[in-house]
Amino acid sequence: MPRQALEVADIFRDHGPAWRREQAGHVSLGQLKVMSAIEHCRTAALGGHVERCAGCGYSRIAYNSCRNRHCPKCQGAVARQWLAAREADLLPVEYYHVVFTLPAPIGQIAYHNKAVIYALLFQAAAETLLSIAADPKHLGARIGLTMVLHTWGSALTHHPHVHCIVPGGGISLDGERWVACRRGFFLPVRVLSRLFRRLFCEKLAAAHRAGELQFFGEHQALEAAEAFAAFLKPLRDIDWVVYAKRPFAGPEAVLAYLSRYTHRVAIANSRLIALDEEQVTFKWKDYRAKGRCRHKRMTLPVQEFMRRFLLHVLPLGFHRIRHYGLLANAARVENLARARELLAAPLSPLIAVPVAAVEQVAPDAPTESARACPCCGAPMVIVETFARGHAPRAPPSTMSEAA
């Protein structure tokens, strides 16, 4: 598959060493590891193998991937594997998309408290949906949901929010029937917003009392209980953004959406336009604009681009995809079986994951078709492997280098 003309890896290789020297002591070990992984991804530094066509003898080198979850080139295959496991979970009902967003002031303190605040975001959003859905005044049912954390806006700014994919209904509280939403309507957004605000503020205040939050620089004064209470007070009085989109057009649309969002990184290589000694230019989407004016270009100093990209490195071991309610891993199989029984629905047939949608996650990620010879279409066979830092034996004259 052809290599992107410009990649995040190129930016890190060209400008990363000088930037790391300048930022010594201000870049975390996790961020340094992400930079190193991206720089070495699909290069001889990670080793690889030699493939040869069984038909015409054409050969090529394929270098190993870093498999880092923040790498723009390593998410396509992972997304396909994850989606294959989710296909059987789909129910024959409408699916809804709900987004919970943290206010900007909380996003600012979240940068130094990622593990704590991102976890609270998951907990508060999930508890909000499960509580309102269980209320007999609204749905009166136990629902299931899949949540995906994104920490970025299109311009790479820090913008923590969770995307929730929710079936349009649930199992009644007595477990005897399926309760469906009104067609085209899930739950009232204003009610969701107010409960989400209250729950998150309560959980954040509790985390502060437990000494789980850290503050630096301009926010250091928030270590005091009185200052933190004053910080939270105006946030309790504003509207928090909870956005519910129209239902998806069938299970294929759910999978297409999930394939684009579950394993996305802060910026795809396909959005990069130009790089020089001082600046990076990339495409971004201005959601406040309408029509064609929404798609724009942004140019940033290289140092600022790298800083923004690394804002979104997650804490080690932090899960950015989580399941709650009926879809919680502990009882998902039993809950889905009961839901299908109540819906009188057979096991979901496997639905083909839209390849084009998955490729939006990592447009240059290798697919099964990459195993076919580009000359004659015959299968490519691995004839040699080589370890990290080593090169293959002297290749034949027909050999090319795979990206």
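See the structure above.
Residues numbered from 1 in each chain as written. Predicted model: local features only at pLDDT ≥ 70, side-chain atom pairs only at ≥ 80, totals over all residues. Heavy atoms only, no water.

**Q** Looking at this structure, I do not really get the overall build of the chain. What am I missing?
**A** A tally of regular secondary structure across the chain gives eleven helices and 15 strands. With 403 residues in all, the chain has 51% of them scored as buried. Across the chain, contacts joining residues at least 24 apart in sequence account for 75% of those joining residues at least 6 apart. Of the roughly 19,800 Å² that the chain leaves accessible, carbon and sulfur atoms contribute 54%. (Helix = DSSP H or I, 4+ residues; strand = E, 2+ residues; numbered from the N terminus. Buried < 20%, exposed > 50% of the residue type's maximum accessible area, 1.4 Å probe, protein only. Contact = heavy atoms within 4.5 Å. Areas by Shrake-Rupley, 256 points an atom, 1.4 Å probe, with all protein chains shown as cover.)

**Q** So what exactly am I meant to see when it comes to the pattern of salt bridges here?
**A** Opposite charge on two side chains makes pairing possible when the charged atoms of those side chains draw close. Applying the stated criterion across every chain yields a total of 13 salt bridges. With a closest N to O distance of 2.9 Å, Glu 39 and Arg 20 form a salt bridge. Taken together, the residues Glu 39 in helix 2 (residues 29-40) and Arg 20 in helix 1 (residues 8-22) connect sequence positions 19 residues apart. You can call Arg 20 partly exposed: its relative accessible area is 25%. Between Asp 89 and Arg 332 there is a salt bridge; the shortest N-O distance is 3.4 Å. Here Arg 332 lies in helix 10 (residues 332-343) and Asp 89 lies in the loop between helix 3 (76-86) and strand 3 (95-101), a separation of 243 residues in the sequence. (Salt bridge = Lys/Arg side-chain N within 4 Å of Asp/Glu carboxyl O.)

**Q** Would you mind going over the pairing of strand 13 (residues 321-325) with me for this structure?
**A** For a regular strand, the rule is simple: side chains alternate between the two faces of the sheet. Counting buried positions along strand 13 gives four out of five residues, so the element sits mostly inside the fold. Here strand 5 (residues 144-152) runs beside strand 13; their pairing, made up of five bridges, is antiparallel. Looking across to strand 13, one finds that Val 148 is bridged to Ile 321. (Pairing = 2+ DSSP bridges.)

**Q** For this particular structure, what's the right way to read the sheet that holds strand 8 (residues 178-180)?
**A** To summarise the sheet geometry, strands pair through backbone hydrogen bonds and adopt either a parallel or an antiparallel arrangement. Strand order in the open sheet made by the three strands is 4-7-8, with antiparallel pairing throughout. A strand with exactly one partner marks an edge of an open sheet, and here the two such strands are strand 4 (141-142) and strand 8. Here two bridges tie strand 4 to strand 7 (residues 169-172), and the two strands are oriented antiparallel to one another. Looking at the pairing, Ala 141 lines up with Ser 172 of strand 7. Packed onto the sheet, helix 10 meets strand 4, strand 7 and strand 8 and runs at close to 95° relative to strand 7. (Axes fitted to C-alpha atoms, helices over the stretch in contact; angles between N-to-C directions.)

**Q** Which parts of the structure should I look at to understand the sheet that holds strand 3?
**A** Ordered in space as 9-3-6-5-13, the five strands form an open sheet in which the pairing is antiparallel. Edge positions in the sheet fall to strand 9 (242-244) and strand 13, since each of these pairs with one other strand and no more. The sheet shows a mean angle of 20° between the axes of neighbouring strands, taken without regard to direction. Two elements, strand 3 and strand 6 (residues 158-167), share seven bridges in a ladder whose sense is antiparallel. Each bridged residue has a counterpart across the sheet, and for Val 99 the counterpart in strand 6 is His 163. Taken strand by strand, helix 6 (residues 189-209) contacts strand 3 and strand 9, and its axis lies near 150° from that of strand 9.

**Q** Got a minute to help me understand the side chain of Thr 128 in this structure?
**A** Structurally, Thr 128 is set in helix 5 (residues 114-134). When residues no more than four places from it in sequence are discounted, the contact partners of Thr 128 are Phe 100, Leu 192, Leu 195, Phe 196 and Leu 199.

**Q** It is not clear to me how the packing of aromatic side chains should be interpreted in this structure. Could you clarify?
**A** The geometry of an aromatic ring pair is captured by the separation of the ring centres together with the interplanar angle, meaning the angle of the planes. According to the stated counting rule, one finds twelve aromatic pairs in the structure shown. Look at Tyr 118 and Phe 318: their rings are 6.0 Å apart centre to centre, the planes differ by 70°, and that puts the pair in the edge-to-face class. With Tyr 118 in helix 5 and Phe 318 in the loop between helix 9 (302-310) and strand 13, this pair connects stretches of sequence that are 200 residues apart. Its relative accessible area of 8% is what places Phe 318 among the buried residues. Feature note: the residues Phe 100, Phe 196, Phe 200 and Trp 240 constitute an aromatic cluster, connected by ring pairs. Lying over the aromatic face of Phe 185, Arg 182 brings its terminal NZ or CZ to 4.5 Å of the ring centre. The ring of Phe 318 carries Arg 322 above its face, with NZ or CZ at 4.6 Å from the centroid. (Phe/Tyr/Trp six-rings, centres within 6.5 Å; stacked < 30°, edge-to-face > 60°. Lys NZ or Arg CZ within 6 Å of the ring centre and 35° of its normal.)

**Q** Just to check I follow, could you spell out the packing of helix 2 against helix 9 for this structure?
**A** Packed helices, taken two at a time, are described by their axes: the angle between them and the distance between them. Relative orientation of the contacting elements helix 2 and helix 9 amounts to 110°, with a least axis distance of 10 Å. As summarised for this structure, helix 2 and helix 9 are arranged roughly perpendicular, according to the angle between their axes. Note on packing geometry: the crossing formed by helix 2 with helix 9 is right-handed. Here Gln 31, Val 34, Met 35 and Ile 38 of helix 2 lie close against helix 9, whose contacting residues are Met 306, Phe 309 and Leu 310. A class-by-class count of the residues in the contact of helix 2 with helix 9 yields six nonpolar, one polar and no charged. (Parallel < 35°, antiparallel > 145°, perpendicular 65-115°, else oblique. Left-handed = near helix turned anticlockwise from the far one by under 90°. Nonpolar A, V, L, I, M, F, W, Y, C, P; charged D, E, K, R; others polar.)

**Q** In this structure, what is going on with the packing of helix 5 against helix 6? I would like to understand it.
**A** Packing of helix 5 against helix 6 brings their axes to within 9 Å, and their N-to-C directions diverge by 140°. On the basis of their axis angle, the class for helix 5 and helix 6 is oblique. In the packing of helix 5 onto helix 6, the handedness of the crossing is right-handed. Along the contact surface, helix 5 presents Val 116, Ile 117, Leu 120, Leu 121, Gln 123, Ala 124, Ala 125, Glu 127, Thr 128, Leu 129, Ser 131 and Ile 132, while helix 6 presents Val 191, Leu 192, Leu 195, Phe 196, Leu 199, Phe 200, Lys 203, Leu 204 and Ala 207. Its residues placed into classes, the contact of helix 5 with helix 6 shows 16 nonpolar, three polar and two charged.

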